[in-house]
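Secondary and tertiary structure notes
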Amino acid sequence: MQKSIMSRLWVFAVWAVIGLFLINLLGLIASVVTSSVATRWLGTWLPAGFTTRWYFAAWDEFQLGDVLWVTFQAVGAVVLLSGLLGVPAAYALARREFPAKRAVMLLLLLPLLVPPITYGIPLATVLYKAGLGGTLTGVILANLVPTVPFVVLVMIPFIEQIDPRTEAAARVFGANIFQMFVHVLVPMLMPGVLAALLLVLVRTIGMFELTFLVSGPGSQTLVVALYYAVFASGVRAVQSIDAMAVIYMVTTLVWLIVALRFVNPTQIVGRGKRPAA
Amino acid sequence: MSAVLEGRAEGPTLRQRLAARGIDGATLLVLPCVALILGLFIYPFLYGLMLSFEPKDGSLFGNYARFFSDPFLYGTIFKTLRLAFPVTLLNLLIAIPIAFRVRLMRRQRLLTTLLVLPITLGTVLVAEGMLFYFGPQGWFNRALMAVGLLSTPISVLNGYWGVFISLVLTGFPFTFLLTLSYVTGIDPSLENAAATLGAGPAARFREVFLPLLIPGLAITFCLSFVQAYSVLPSAVLVGDPAGATRVISIAAYQAAFEEYDYSMASAIAMIMGAVQLLVVVAVLGCRSLFYRGPAAGAKG
């Protein structure tokens, strides 16, 4: 392979862009983390001293115990329900040809193609009319709208990979559809289910718009509480907002790292053929 | 099981005739999911559409007339597009060469993990961090001044560029992941064949990869555009929510939760959806002008 000056310059430029992106990103994260443990940080490279008291302050000021519990409940329910609704639907769509299949696929694609804020406003209006606005149930219902189609679309290729004769064998041996699901399909699909649900988990923790529009004082998740804290900054010490941001960051990062142990991120959208080498 | 055996004795039952058309117990599993989307997505949308035609002044098109006569309202469309279009295009243009580079690497996982980080951070945290990092005393300005590139701190916050940067930071990983999966989906033997026939890197990209990538890039553009289009948190936190970055989602939010005019808010949401769908349809329409076919190469 020839290496001309142009191609070397090109490689260098690509790496420079990657480097620039990563340096700024890591700098951004590092400045939040540094600020959260700083005593006083004005006009210098590094703060005057380090302390952990902002974490305790943030915990009390923002009632983080309650907020985390709400987040845990909402995210847990969303993950569980989108798995229960999404995986069977993906099975039906992967295995059966039925008249309205294309319409169903379109119906599932729509919530992913329309920005959450667009359908979030009418959805919030309906939920408030139904008396569910501002409640935890409302937050869970609103978050299911993008996650269930997401699970279906991620699971369809996983299910198509499984040999249909496996299910036929299970049926021949007398398993009904429920038994076949529990004893045959779910164990074989476990990697895919885990991957899809972990991504739903990360997405739901970070889902701002829908939760923001639907939640009330008692049903704020961590990301919405963080937004309100930043929005109304000036009332509270900057460092305690940063401490809260770090807590938020850690909750999502833990799950992202777990998720990446199970999935190769590039397989989420398409199963590309790997180069043979 | 027993129903099937009985059916065989008596000729095709209703159940068997349905099964022949692909409808049986398993097909019904799709119903709860469809019901959820109908109830929580389609119904609210139609409800919002109806509500948008029942404005406070009683006329049918009152909300829409108000929106398109008030520059403070209709201007938000252009402000949104002025942010979302360049950001999406820039993200796509950076993502393609990086994806081509990463494709050749043996250890992709660490780099992809790092590049994916901002997805989990979310727009709120990125905006929060930007307030520090790009602030007048932040590390960004400090480093540039120490190197001598700047004499006074530049201010990117509270304006167009603040939102622009935050959208690039949060939007790039998603664009990159999609692009990478499309790029790795192209059979490398196609490139080898082109190289054997004497095509240089630029010609290989132009003649082999680009035509195969166009459909995927069109979809990537649409999905990234959707992300950049709803920019509420960053437009408020690091932008200028009353001026340069008063995007359409801010207008909709204010109508709903500050003026409590749900009819107007629904009308704005409908306009927002319509504009966004127009862009998607236009991009996907352009896609059909290009090559469509297998990207994996024929089996010999």
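For every chain, the first residue of its written sequence is number 1, and the numbers climb from 1 along that sequence. The order in which chains are written sets their letters, starting at A; the order in which ligands are written sets their numbers, starting at 1. Residues qualify for local features only when their pLDDT is at least 70, as the model is predicted, and side-chain atom pairs are given and counted only at 80 or more; totals for whole chains, interfaces and linings, by contrast, use all residues. To obtain the side-chain values, all non-hydrogen atoms of the structure were included, while hydrogens and water were left out.

Chain B is annotated in an unreviewed UniProt entry as ABC transporter permease of Azospirillum palustre. UniProt positions are given in the numbering used here, feature names are shortened, and annotations may be inferred rather than shown by experiment. Under the UniProt heading Sequence similarities (unreviewed entry), the entry covering chain B gives this text: "Belongs to the binding-protein-dependent transport system permease family. CysTW subfamily."

Chain A carries the name ABC transporter permease subunit in an unreviewed UniProt entry, which gives Azospirillum melinis as its organism. Within the UniProt record for chain A, the comment given under Sequence similarities (unreviewed entry) is "Belongs to the binding-protein-dependent transport system permease family."

**Some words on the interface of chain B and chain A**
Residue contacts are defined here by distance: any two heavy atoms, one from each residue, within 4.5 Å place the two residues in contact. With 91 residues of chain B in contact, the opposing surface of chain A contributes 97 residues. Roughly 8200 Å² of surface becomes buried between chain B and chain A when both sides are summed, with 80% attributable to carbon and sulfur atoms. Every case where a carboxyl oxygen of Asp or Glu lies within 4 Å of a side-chain nitrogen of Lys or Arg is listed as a salt bridge. One can count zero salt bridges joining chain B with chain A. Residues adjacent in sequence count toward polar contacts only when both atoms are side-chain atoms; beyond that, a polar contact is any pair of N or O atoms within 3.5 Å, and within protein one must be able to donate a hydrogen and the other to accept it. Counting the contacts that link chain B with chain A gives three residue pairs in polar contact (both at pLDDT 80 or more). With 21 residues, the single largest contributor to the side of chain B that touches chain A is helix α6 (residues 109-133) of chain B. Lys, Arg, Asp and Glu make up the charged group, whereas Ala, Val, Leu, Ile, Met, Phe, Trp, Tyr, Cys and Pro make up the nonpolar group; the residues left over, Gly among them, are polar. Of the residues assigned to the side of chain B that touches chain A, the class counts are 66 nonpolar, 18 polar and seven charged. The term buried area means the drop in 1.4 Å probe accessible area that two parts suffer when joined, counted for both and summed. The secondary structure listing takes helices from DSSP runs of H or I that are at least 4 residues long and strands from runs of E that are at least 2 residues long, numbered from the N terminus.

**So, the UniProt feature "transmembrane region" (unreviewed entry) in chain A**
Residues and elements named next belong to chain A. Those places that UniProt annotates as "transmembrane region" (unreviewed entry) correspond, in this numbering, to residues 12-33, 67-94, 106-128, 134-156 and 245-264. Counting secondary structure, residues 106-128 comes out at 91% helix and 0% strand; the distance between its end C-alpha atoms is 27 Å. What you have in residues 134-156 is 91% helix and 0% strand, and the ends, taken at the C-alpha atoms, are 34 Å apart.

**Brief notes about the environment of F68(B)**
Residues and elements named next belong to chain B. You can see F68 is positioned in helix α4 (residues 62-69). Categorising residues by exposure relies on relative accessible area from a 1.4 Å probe, with only protein chains included: less than 20% of the type maximum marks a residue as buried, more than 50% marks it as exposed, and the intermediate range marks it as partly exposed. Residue classification places F68 among the partly exposed positions, given a relative accessible area of 49%. F68 sits twelve residues away from T80 along the chain, and the two C-alpha atoms are 15 Å apart. Those residues in contact with F68 that lie beyond four places of it in its chain are Y74, I77 and I271.

**Some thoughts on the domain arrangement of chain A**
Residue and element names in this part refer to chain A. On domain assignment, one finds that chain A holds domain 1 (1-51) and domain 2 (53-267). As used throughout, domain bounds are those supplied by an automatic or database domain assignment. For domain 1 and domain 2, the distance between their C-alpha centroids amounts to 31 Å. Between domain 1 and domain 2 the total buried area reaches about 750 Å² when both faces are included, carbon and sulfur atoms providing 57% of it. Area buried by domain 1 at its contact with domain 2 is led by V32, S36 and T51, which between them contribute 55% of it. Taken together, the connections running from domain 1 to domain 2 amount to zero salt bridges. Applying the counting rule to domain 1 against domain 2 returns four residue pairs in polar contact (both at pLDDT 80 or more). Classifying every residue of the side of domain 1 that touches domain 2 by side-chain character gives five nonpolar, four polar and one charged.

**Re the side chain of D261(B)**
Residue and element names in this part refer to chain B. Within the element layout of this structure, D261 appears in the loop between α12 (248-257) and α13 (262-287). There is a polar contact of 3.1 Å between the side chain of D261 and the backbone nitrogen of M264. Setting aside chain neighbours within four positions, we find D261 in contact with K56, R66, A255 and A256.

**Some details on the domain arrangement of chain B**
All names here are of chain B. Its domain assignment divides chain B into domain 1 (1-52) and domain 2 (64-287). The C-alpha centroid of domain 2 is placed 39 Å from the C-alpha centroid of domain 1. Tallying the contact residues gives five residues for domain 1 and six residues for domain 2. Roughly 490 Å² of surface becomes buried between domain 1 and domain 2 when both sides are summed, with 70% attributable to carbon and sulfur atoms. Interface area lost by domain 1 to domain 2 is led by F45, L51 and S52, which between them contribute 78%.

**Concerning the environment of I271(B)**
Residue and element names in this part refer to chain B. Tracing the backbone through its elements, the reader meets I271 in helix α13. Note on I271: relative accessible area 7%, which makes it buried. Here I271 is in contact with Y64, F67, F68, I77 and I248, once residues within four sequence places are set aside.

**Focus on the UniProt feature "transmembrane region" (unreviewed entry) in chain B**
The positions that UniProt labels "transmembrane region" (unreviewed entry) are, in the present scheme, residues 25-46, 83-102, 114-135, 159-183, 208-229 and 267-290 of chain B. Between the end C-alpha atoms of residues 83-102 of chain B the distance is 28 Å, and the span holds 100% helix and 0% strand.

**Details of the confidence of the model for chain B**
All names here are of chain B. The predictor reports its confidence for every residue as pLDDT, a score running from 0 up to 100. Averaged over every residue, the pLDDT of chain B is 81; residues scoring 70 or more account for 92%. Element-level mean pLDDT values for chain B span from 49 in helix α1 (residues 2-10) up to 90 in helix α3 (residues 30-52). Predicted confidence for residues 1-8 stays below pLDDT 50, and this span has seven contacts to residues more than four positions away or in other chains.

**Description of the environment of L180(B)**
For L180(B), the location among the structural elements is in helix α8 (residues 160-184). Judged by its relative accessible area of 0%, L180(B) falls in the buried class.

**Describing the packing of aromatic side chains**
Pairing of aromatic rings covers Phe, Tyr and Trp, the last counted by its six-membered ring, and requires centre-to-centre distances within 6.5 Å; plane angles under 30 degrees mean stacked, over 60 mean edge-to-face, and any other angle means tilted. For the structure on display, the rule yields 31 aromatic pairs over all chains. Pairing F21(A) with F172(B) gives two aromatic rings, centres 4.8 Å apart and planes at 55 degrees, and the pair type is tilted. Of this pair, F21(A) sits in helix α1 (residues 5-36) while F172(B) is found in helix α8, placing the two residues in two different chains. Here F21(A) falls in the buried class, since its relative accessible area comes to 12%. Here the aromatic rings of Y43(B) and Y47(B) are separated by 6.0 Å at their centres, their planes lie at 40 degrees, and the arrangement is tilted. Of this pair, Y43(B) and Y47(B) both sit in helix α3, four residues apart, which is roughly one turn of that helix.

**Some details on unusual backbone geometry**
If you check the backbone angles, Q63(A) has positive phi at about 45 degrees while not being a glycine. Despite not being glycine, Y260(B) has its phi angle at roughly 55 degrees, a positive value. Here Y260(B) lies in the loop between α12 and α13.

**Brief notes about the nonpolar core**
As used in this record, nonpolar core signifies buried Ala, Val, Leu, Ile, Met, Phe, Trp, Tyr and Cys residues forming a set joined through side-chain atoms within 4.5 Å. One finds M155(A), L226(A), F176(B) and I268(B) to be the most contacted residues of the largest nonpolar core, which totals 184 residues. Those residues within four positions of M155(A) in sequence are excluded, and the remaining contacts are V87(A), A90(A), L189(A), G192(A), V193(A) and A196(A).

**As for the packing of helix α5 (residues 116-129) of chain A against α13(B)**
All axes here are fitted lines through C-alpha atoms, helices being fitted over the stretch that makes contact, and every angle between N-to-C directions spans 0 to 180 degrees. Interaxial distance between α5(A) and α13(B) falls to 8 Å at its minimum, and their mutual angle equals 155 degrees. Considered as vectors, α5(A) and α13(B) are oriented roughly antiparallel to each other. Every pair of crossing elements has a handedness; the one defined by α5(A) and α13(B) is left-handed. Between α5(A) and α13(B), the contacting residues are I117(A), T118(A), I121(A), P122(A) and T125(A) on the first element and Y262(B), A265(B), A269(B), M270(B), M272(B) and G273(B) on the second. Classifying every residue of the contact of α5(A) with α13(B) gives eight nonpolar, three polar and no charged. For this classification, under 35 degrees means roughly parallel, over 145 means roughly antiparallel, 65 to 115 means roughly perpendicular, and everything else is oblique. Here is the rule for handedness: rotate from the far helix to the near one, and if that takes an anticlockwise turn smaller than a right angle the crossing is left-handed, while a clockwise turn gives right-handed.

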